[in-house]
Amino acid sequence: MSKLCCFVVPYFGKLPATMPYFLKTCELNVDYNWIIFTDDRTDYPYPLNVQVNYCSFADIVALINDKIGYRIELKNPQKLCDMKPAYGYIFEEYLKDFDYWGYCDLDEYFGDLNHFISLEQLTGFEKIYSLGHMTIFKNNARMRNLFRIGNDFKQVASVASNQLFDEWPRNGVSINYIAEREKIKTYHGKEMFDVKPFKSYFSNVVFDEQIKKWKLEGEKNSVIVWRNGRIYSYYIECGQLRCREHIYVHIQKRKLMVKNDQPVVSNFIIIPNQIFCLSEINNRQIYKALFLSWYKRILHLDEISHFIRAQGLFWSNQLSKFVKKE
């Protein structure tokens with residue numbers, strides 16, 4: 001009997017400190033599986049539906065080059081983002097027992113996947129979602145080889161830097177543009193919460209596939225709550241505490257401080273710079289988290305930090321150019 005879906009996640013280097021939280025949100029999605037390829041042998045609490053394969057980055061590079069059949073400019077793990085749409089083909093031996101395959105990131109936290117992705121949706125579409133932090137494909141020869149149509153992947157594979165082949169780059173070279181040209185039936189849901197990076201507060205950004213642009217979904221100051229397998233964003237609107245449930249929350253380009261070391265049991269809260277467990281979560285605690293988030297927003301700590309890093313990188317590059325000229 002085949003299984004439903006498996007996500008492939010190669011990650012090399014030190015796994016994030018928030019890994020136990022990611023794994024807990026995987027554990028309760030029993031119809032889904034994950035395979036993580038990594039060289040970090042830290043003893044994390046991997047649940048039964050998360051398989052970890054220890055290997056080196058060089059091992060994965062060799063496997064990809066062997067499967068693809070020509071040399072890929074794969075010099076650093078960040079370039080693996082461009083390989084994501086090829087994972088169904090590259091790792092097909094690991095995925096043969098699954099009806100669907102996909103990819104995701106480790107800086108996200110899952111809610112109840114079955115609540116948002118019904119069996120009817122899966123059977124009615126060949127591709128679910130279109131963002132690099134989570135996309136699902138039907139596990140058939142057509143979808144495993146979709147990335148090979150045309151010369152787009154060869155073009156991307158010949159460049160050492162990340163070309164956003166798993167996203168919606170402005171140059172129109174990606175798996176999503178291939179899917180559009182091939183008229184692949186795709187579900188473009190907006191159930192996720194994709195946190196806008198480099199801001200001192202949580203606000204959601206969404207991609208409009210019609211106009212090919214990112215849009216900010218309001219300026220709501222939100223906190224994230226994961227409770228018993230479901231994930232929500234909480235915010236204040238018209239003086240009232242509101243919440244919205246999501247399929248997952250993606251928190252990119254942001255280092256979260258793990259406030260306590262206790263095992264992740266059933267509840268946790270995420271504010272813009274921290275993630276912490278609670279035995280139970282009530283409205284009083286959510287209001288407190290929102291207050292801390294507002295305080296951080298007023299101080300603009302993330303914006304200042306990002307500005308300082310950007311300026312440091314700029315002047316470092318300028319100095320490097322000057323030294324080369326001399």
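The numbers attached to residues start from 1 for each chain and follow its sequence in the written order. Whole-chain, interface and lining totals are the exception, using all residues; otherwise, since this is a predicted model, local features are given only for residues with pLDDT of at least 70 and side-chain atom pairs are given and counted only at 80 or more. Think of the side-chain values as coming from all heavy atoms in the structure, minus any hydrogens and water.

**Q** Would you mind showing me how to read unusual backbone geometry here?
**A** If you check the backbone angles, Y129 has positive phi at about 70° while not being a glycine. Residue position: Y129 is located in strand β6 (residues 127-131). Exposure classes here rest on a 1.4 Å probe applied to the protein chains alone. A residue is buried below 20% of its type maximum, exposed above 50%, and partly exposed in between. The class for Y129 is buried, based on a relative accessible area of 1%. The phi angle at K183 is positive, at roughly 55°, despite the residue not being glycine. Look at K183 and you get exposed, because its relative accessible area is 70%. Runs of H or I in DSSP of at least four residues are treated as helices and runs of E of at least two as strands, each being numbered from the N terminus.

**Q** Looking at this structure, how should I read helix α1 (residues 19-27)?
**A** Every α-helix carries 3.6 residues per turn, so stepping three or four residues along brings you back to the same face. Burial within α1 is extensive, with seven of its nine residues counted as buried. If you check which residues of α1 are buried, you get M19, Y21, F22, L23, K24, T25 and C26.

**Q** Just to check I follow, could you spell out the nonpolar core for this structure?
**A** Nonpolar side chains in soluble globular proteins generally cluster together in the buried interior. One finds I64, L80, Y87 and F153 to be the most contacted residues of the largest nonpolar core, which totals 37 residues. Sorting the residues of this core by element identifies β1 (3-11), β2 (32-38), α2 (57-68), α3 (87-90), β4 (98-104), α8 (152-157) and α9 (175-181) as the ones contributing at least two each. Counting residues per element, this core draws most heavily on α2, which supplies five residues. Each residue touching F153, except ones within four places of it in the same chain, is listed here: I68, Y70, I72, D82, M83, A86, F147 and F165. Residues grouped as a nonpolar core are buried Ala, Val, Leu, Ile, Met, Phe, Trp, Tyr and Cys residues, joined through side-chain atoms within 4.5 Å. Contacts: residue pairs with any heavy atoms within 4.5 Å of one another.

**Q** Explanation requested: the pairing of strand β13 (residues 230-237) in the structure shown.
**A** Consecutive side chains of a regular strand alternate in pointing toward one face of the sheet and then the other. Here a strand pair is declared whenever DSSP counts at least two bridges between the two strands. Both strand β12 (residues 223-227) and β13 contribute to a ladder of five bridges, which runs antiparallel. If you follow I224 over to β13, its bridge partner there is S233. The turn joining β12 and β13, which pair antiparallel and follow one another in sequence, is formed by two residues; a positive phi near 50° is taken by N228.

**Q** Explanation requested: the sheet that holds β12 in the structure shown.
**A** Sheets are built from strands that pair by backbone hydrogen bonding, the pairs being arranged parallel or antiparallel. Strand order in the open sheet formed by six strands is β14-β13-β12-β17-β18-β16, and the pairing between neighbours is mixed. Only two strands of the sheet have a single neighbouring strand rather than two, namely β14 (240-246) and β16 (257-258).

**Q** Which parts of the structure should I look at to understand the environment of A17?
**A** Turning to its location among the elements, A17 is positioned in the loop between β1 and α1. The sequence separation of A17 and L256 amounts to 239 residues, and the corresponding C-alpha distance is 8.2 Å.

**Q** Explain the environment of N283 to me, please; I cannot follow it from the model alone.
**A** Mapped onto the fold, N283 is located in helix α10 (residues 283-299). On the basis of relative accessibility, which here comes to 46%, the residue N283 falls in the partly exposed class. C-alpha of N283 to C-alpha of L241: the two residues are 42 residues apart in sequence and 8.3 Å apart in space.

**Q** I would appreciate a short explanation of the sheet that holds strand β5 (residues 108-110) in the present structure.
**A** With respect to topology, three strands assemble into an open sheet ordered β5-β15-β9, the strand pairing being mixed. A single partner strand is all that each edge strand has here, and the edge strands are β5 and β9 (193-194). Sheet topology note: the β5/strand β15 (residues 248-250) ladder contains three bridges and is antiparallel. Bridge pairing in β15 links E108 to H250.

**Q** Would you mind going over the pattern of salt bridges with me for this structure?
**A** Here, a salt bridge means any Lys or Arg side-chain nitrogen found within 4 Å of an Asp or Glu carboxyl oxygen. Here the structure, examined in full by the defined rule, presents 17 salt bridges. One salt bridge in this structure joins R230 and D112, with 3.5 Å as the shortest N-O distance. One end of the pair, R230, is in strand β13; the other, D112, is in the loop between β5 and α5 (113-116), with 118 residues separating them in the sequence. Looking at R230, the relative accessible area reads 28%, which means it is partly exposed. We note a salt bridge from K215 to D208, for which the minimum N-O separation is 3.3 Å. Bridged by salt links that share partners, the residues K67, E92 and R144 form one connected network.

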